[in-house]
Number of protein chains: 2
Amino acid sequence: MARHAGLSRATVSYVLNNTPHQVIPEPTRQRVQKAAAELGYVPSAAARALSSGRSDVVLLLLPDWPIGPSVGALLEHLSTALADQGFTFVAHPRSAGRPVSEVWKALTPAAVITFEELDDIESARLRTAGVELAVALFGGSRGGRAMDLPEQRTGRLQAEHLAAVGHRHLGYAWPADPRVLAFAQPRLEGVRQACAELGLPEPVVHPVALGPDGATAAVADWLAAEPAVTGVCAYNDEVALTVMAGVRRQGRQVPGDLAVIGVDNIAAGAVSWPTLTTVEVDQASVARYIAGAISSKIAGEPLPGRPASDIHTVILRESA
Amino acid sequence: MARHAGLSRATVSYVLNNTPHQVIPEPTRQRVQKAAAELGYVPSAAARALSSGRSDVVLLLLPDWPIGPSVGALLEHLSTALADQGFTFVAHPRSAGRPVSEVWKALTPAAVITFEELDDIESARLRTAGVELAVALFGGSRGGRAMDLPEQRTGRLQAEHLAAVGHRHLGYAWPADPRVLAFAQPRLEGVRQACAELGLPEPVVHPVALGPDGATAAVADWLAAEPAVTGVCAYNDEVALTVMAGVRRQGRQVPGDLAVIGVDNIAAGAVSWPTLTTVEVDQASVARYIAGAISSKIAGEPLPGRPASDIHTVILRESA
DNA sequence: CTACATTACTGACACGCGCAACTGACGCGC
DNA sequence: GCGCGTCAGTTGCGCGTGTCAGTAATGTAG
């Protein structure tokens, strides 16, 4: 390519990288760009990664629990948002029982995003492999490295909505799958906070497993409680639909006997019987925030303020 | 590291790669391996990619339509299956309106997997970028490069099940979203084939949009047809749930007035009212087949036979 | 003792890029 | 004419690996 432009490789490199304090006259600059266009030149990322020590790839480690449409949407938006910042976004589903270290060794990513925080050994290996930036989306128990997304907001909004339509005794449908604990914890915490602020008693927490019978015990207990629970915040829409199935099995009505509100706004919730009231999270905003935070951190700047808090919306339907 | 072992880099390289026809005496071999262990040596994938021209990464381009749990499961199994073959699997959600070529330029993957076939320009760019193997999972219209997964089988099983329980006039709930056309086409084709073989009339196809009212027109037409359609195969479970909602809106019953069968076995189908009969695909087997085919193709061997045909199961519930 | 083969290993290059240091050429002031 | 500064661009190195060709040392046959 330098040959084609009749210049040296260095000059070409300076032009293409817009190297500051390297004055290149306009004619030469255009000559290089014309040659690049004619040859369809694309810099080899492998070589760049080798010499710079890191690639422009941002790696997201997917959790091992089944991913729903909200995670899917987050992926899509992260991809666009990071592309705007000049990064290439890829996701890797961690295969059970296999060390994840092989992945970043093969990619030398600029940053690694995880859902939950990594073990000490794994994060040590990460640093050894030359990855400088690792961010966890949830569970900032370990220190300031986590993004600390406003996940409690979903719980708060659920509780506030139920309170606004007159419910005073709330239940919380906790996911039976232990793998989503890091997600469920802050949501329940948000419900607790809202209850406290609104002067309501603590929510009655029951685990709910997915499947037709997963919620029967929980529903029976909520309805039989004294005073009875009249509104339930579910960990997500799937759990919410399970709770509604449990109520039907008892021959009772949603929302008459028990109101239910979910999180995620999955498609099935719009066509269930009754249709499901839910809290939707604007994954595009979340993705933009994450992308911004990552590129600031890589550039060494302080990270911007907390993500906007108005990214949650209550989708009002029949169930609550 | 070569210094630490007191040998040259070449010798070390030969030992670590087990280069055939390069005889290395056992003592030296052990000396190298001891040094590697002591230094915690990990070969740099970036350098290997630079010199060999391709990395050990297999890239999956996610489609731009929302991915459901079945794609999620496929990702997870692909990750494990490809890791067994020595590859690193990553997925990239293609951001709308952005050229995908930037992605493989940044990764130089050993293979690229797509859902639908690429345009001519994009596949040309792919080859220019040095990616030798591109496989499309569906839509083998263009030639032998596609995997040609037995997607018709899902449609066949749906129709066969409905026929087995006595339905003779079938409908097909076609997804209104044009982006999933490549998926829907073979499934409908499978239904058509099964009808022809069983001596049933052609299925009555109606588009169904997701959402509470998406199926009302279709359901009205199926029920009013002469003779009436009594069983509907839906493109997937979400469409199936929408059809069931449409039937409820008409004040009619599932499966009494109209039986419905879906595809995917999503969690919401197990707790819907009535619960949803569906066809499940064993994504683990699919993933193993894909991984096997990729590694054979890369090794230059002919690809193994068609994937096993018994990877589909009918999950029998109330709706059909 | 010489000619040749085998063993055990090393030197050097290429992959494509970024960057520091260097080189001619030209203009300007004294 | 000499020194200095600026412009326009080049040479060369290093990143870490895979691999071909080569080469001392040792063994073997005639």
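The rules behind the values
- Residues numbered from 1 in each chain as written.
- Chains lettered and ligands numbered in written order.
- Predicted model: local features only at pLDDT ≥ 70, side-chain atom pairs only at ≥ 80, totals over all residues.
- Helix = DSSP H or I, 4+ residues; strand = E, 2+ residues; numbered from the N terminus.
- Rg over C-alpha atoms; globule rule 2.2 N^0.38 Å.
- Buried ≥ 20, exposed ≤ 12 C-beta atoms within 10 Å, placed from the backbone.
- Contact = placed C-beta atoms within 7 Å.
- Nonpolar A, V, L, I, M, F, W, Y, C, P; charged D, E, K, R; others polar.
- Near = placed C-beta within 6 Å.
- Expected span 1.5 Å × (residues − 1).
- Axes fitted to C-alpha atoms, helices over the stretch in contact; angles between N-to-C directions.
- Parallel < 35°, antiparallel > 145°, perpendicular 65-115°, else oblique.
- Left-handed = near helix turned anticlockwise from the far one by under 90°.
- Pairing = 2+ DSSP bridges.
- Core = buried A, V, L, I, M, F, W, Y, C linked by C-beta atoms within 7 Å.
- Least-squares fit on C-alpha atoms with pLDDT ≥ 70 in both.
- Domains from an automatic or database assignment.
- Right-handed = clockwise from strand over helix to strand, strands pointing away.

1. Focus on the overall build of chain A
Then comes step 1: Along chain A, the regular secondary structure elements total 13 helices and ten strands.
Then comes step 2: For 320 residues, the compact-globule formula gives about 20 Å, and the C-alpha radius of gyration of chain A, at 25 Å, lies well above that figure.
Then comes step 3: Its C-alpha atoms give chain A principal-axis dimensions of roughly 85 × 40 × 35 Å.
Then comes step 4: Residue burial in chain A is summarised as follows: out of 320 residues, 45% are buried.
Then comes step 5: Counted over contacts in chain A with a minimum sequence separation of 6, partners at least 24 positions apart contribute 70%.

2. Remarks on the interface of chain B and chain A
Then comes step 1: In this assembly, 52 residues from chain B lie in contact with 50 residues from chain A.
Then comes step 2: Here the residues of the side of chain B that touches chain A sort into 31 nonpolar, 14 polar and seven charged.

3. Some remarks on the protein's contact with DNA strand C
Then comes step 1: As a structural note, the neighbourhood of DNA strand C is formed by 22 residues, with Ala10 and Ala47 of chain A together with Ser8, Ala10 and Ser51 of chain B the closest of them.
Then comes step 2: Counting residues per element, the ones that place at least two in the surface near DNA strand C are α2 (9–17) and α4 (45–52) of chain A together with α2 (9–17) and α4 (45–52) of chain B.
Then comes step 3: For the surface near DNA strand C, the element with the highest residue contribution is α4 of chain A, accounting for five residues.
Then comes step 4: The class makeup of the residues in the surface near DNA strand C is ten nonpolar, ten polar and two charged.

4. Regarding helix α9 (residues 181–198) of chain A
Because each turn of an α-helix spans 3.6 residues, side chains separated by three or four positions in sequence point in the same direction.
Residues and elements named next belong to chain A.
Then comes step 1: The first and last C-alpha atoms of α9 sit 26 Å apart over 18 residues, in line with the 26 Å expected at 1.5 Å per residue.
Then comes step 2: Within the sequence span of α9, burial applies to Phe183, Ala184, Pro186, Arg187, Gly190, Val191, Arg192, Ala194 and Cys195.
Then comes step 3: Considering only its buried residues, α9 is in contact with α8 (152–164), β5 (170–175), β7 (231–234) and β8 (259–263).
Then comes step 4: Count one or two residues on from α9 and you reach Gly199, which has phi positive near 75 degrees.

5. A word on helix α13 (residues 283–299) of chain B
Residues and elements named next belong to chain B.
Then comes step 1: Over its 17 residues, α13 runs 24 Å from end to end, which matches the ideal 24 Å to within 8%, given 1.5 Å per residue.
Then comes step 2: Turning to α13, its buried residues are Val286, Ala287, Arg288, Tyr289, Ile290, Ala291, Ile294 and Ser295.
Then comes step 3: Turning to α13, the residues buried within the fold contact β1 (57–62), α5 (69–84), β3 (111–114), β4 (133–136) and β9 (277–281).
Then comes step 4: In the stretch just after α13, Gly300 is the one whose phi turns positive, near 85 degrees.

6. Some words on the protein's contact with DNA strand D
Then comes step 1: By nearness alone, 24 residues border DNA strand D, and Ser8, Ala10 and Ser51 of chain A together with Ser13 and Ala47 of chain B come closest of all.
Then comes step 2: Secondary-structure elements contributing two or more residues to the surface near DNA strand D are α2 and α4 of chain A together with α2 and α4 of chain B.
Then comes step 3: Classifying every residue of the surface near DNA strand D gives eleven nonpolar, ten polar and three charged.

7. Let's talk about the packing of helix α8 (residues 152–164) of chain B against helix α9 (residues 181–198) of chain B
Residue and element names in this part refer to chain B.
Then comes step 1: Running from amino to carboxyl end, α8 crosses α9 at an angle of 40 degrees, the nearest separation of the two axes being 6 Å. Put simply, α8 runs oblique to α9. The element α8 and its partner α9 pack so that their crossing is right-handed. Counting all contacts with α8, which are made through Gln152, Arg153, Thr154, Gly155, Arg156, Gln158, Ala159, Glu160 and Ala163, the residues of α9 involved are Pro186, Arg187, Leu188, Glu189, Gly190, Val191, Gln193, Ala194, Cys195 and Leu198.

8. Let's talk about the sheet that holds β9 of chain B
Through backbone hydrogen bonds, the strands of a sheet pair up, either in parallel or in antiparallel fashion.
All names here are of chain B.
Then comes step 1: With mixed pairing, six strands are arranged side by side in an open sheet as β6-β5-β7-β8-β9-β10. At either end of the open sheet lies a strand with only one pairing partner, and these are β6 (204–208) and β10 (312–315). The average angle at which neighbouring strand axes cross in this sheet is 25 degrees, direction not considered.
Then comes step 2: Here strand β8 (residues 259–263) pairs with β9 via three bridges, running parallel. Each residue of the ladder has a partner; that of Val263, found in β9, is Val279.
Then comes step 3: Docked against the sheet, helix α10 (residues 216–224) engages β5 (170–175), β6 and β7 (231–234), running at close to 160 degrees with respect to β6.

9. What to know about the nonpolar core
Then comes step 1: Counting 176 residues, the largest nonpolar core has Ala173 and Val243 of chain A together with Ala173 and Val243 of chain B as the members making the most contacts within it.
Then comes step 2: For Val243 of chain B, the residues in contact, after removing those within four places along its chain, are Ala173, Val208, Ala215, Val219, Val232, Ala234 and Val260 of chain B.

10. Some points on the relation of the copies chain B and chain A
Then comes step 1: Overlay of chain B on chain A (RMSD 0.5 Å): rotation 180 degrees, translation along the axis 0.3 Å. Here the two chains are linked by the operation of a two-fold rotation axis. Relative to the rotation axis, the C-alpha of Ala91 of chain B is the closest in chain B, positioned 2.4 Å from it.
Then comes step 2: Of the interface residues in chain B, 94% have counterparts in chain A that sit at the interface too, so the contact is made through matching surfaces.

11. Description of the domain arrangement of chain A
Residues and elements named next belong to chain A.
Then comes step 1: Considered domain by domain, chain A is made up of domain 1 (2–43), domain 2 (51–148) and domain 3 (152–281).
Then comes step 2: Each of domain 2 and domain 3 was reduced to a C-alpha centroid, and the two centroids are 31 Å apart.
Then comes step 3: Taken residue by residue, the interface counts ten residues in domain 2 and nine residues in domain 3.
Then comes step 4: Tallied by class, residues from the side of domain 2 that touches domain 3 come to five nonpolar, three polar and two charged.

12. Points about unusual backbone geometry
Generally, phi is negative for residues other than glycine and the peptide bonds are trans, each holding for most cases.
Residue and element names in this part refer to chain A.
Then comes step 1: Along the chain, Glu226 connects to Pro227 via a cis peptide bond; the corresponding omega equals 0 degrees.
Then comes step 2: Its location among the elements puts Pro227 in the loop between α10 (216–224) and β7.
Then comes step 3: Positive phi, normally seen in glycine, also occurs at Asn18, with a value near 50 degrees.
Then comes step 4: Within the secondary structure, Asn18 is located in the loop between α2 and α3 (26–39).

13. Some remarks on the environment of Leu61 of chain A
Then comes step 1: Inspection of the secondary structure assignment puts Leu61 of chain A in strand β1 (residues 57–62).
Then comes step 2: Residue contacts for Leu61 of chain A: discarding those within four places in its chain leaves His92, Arg94, Val100, Val112, Ile113 and Thr114 of chain A.

14. Notes on the sheet that holds β8 of chain A
Residues and elements named next belong to chain A.
Then comes step 1: Taken together, six strands build an open sheet; the order of strands is β6-β5-β7-β8-β9-β10 and the sheet is mixed. Looking at the sheet topology across the chains shown, the edges are occupied by β6 (204–208) and β10 (312–315). Sheet twist, expressed as the mean angle between neighbouring strand axes with direction ignored, is 25 degrees.
Then comes step 2: The pairing of β7 with β8 spans three bridges and is classified as parallel. When the bridges of β8 are listed, Cys233 appears paired with Ile261.
Then comes step 3: Of the strands in this sheet, β5, β6, β7 and β8 are in contact with α9, which crosses β5 at around 175 degrees.

15. Notes on the environment of Ala184 of chain B
Residues and elements named next belong to chain B.
Then comes step 1: Here Ala184 shows up in helix α9.
Then comes step 2: The sequence separation of Ala184 and Ala173 amounts to eleven residues, and the corresponding C-alpha distance is 9.8 Å.
Then comes step 3: If we skip the residues at most four places from it in the chain, Ala184 touches Trp174, Pro175 and Tyr235.

16. With respect to the pairing of β6 of chain A
Residue and element names in this part refer to chain A.
Then comes step 1: Where β5 and β6 come together, five bridges link them in parallel fashion. Its bridge partner being in β6, Trp174 is matched across the sheet by Pro207.
Then comes step 2: Crossover handedness for the path β5 to α9 to β6: right-handed.

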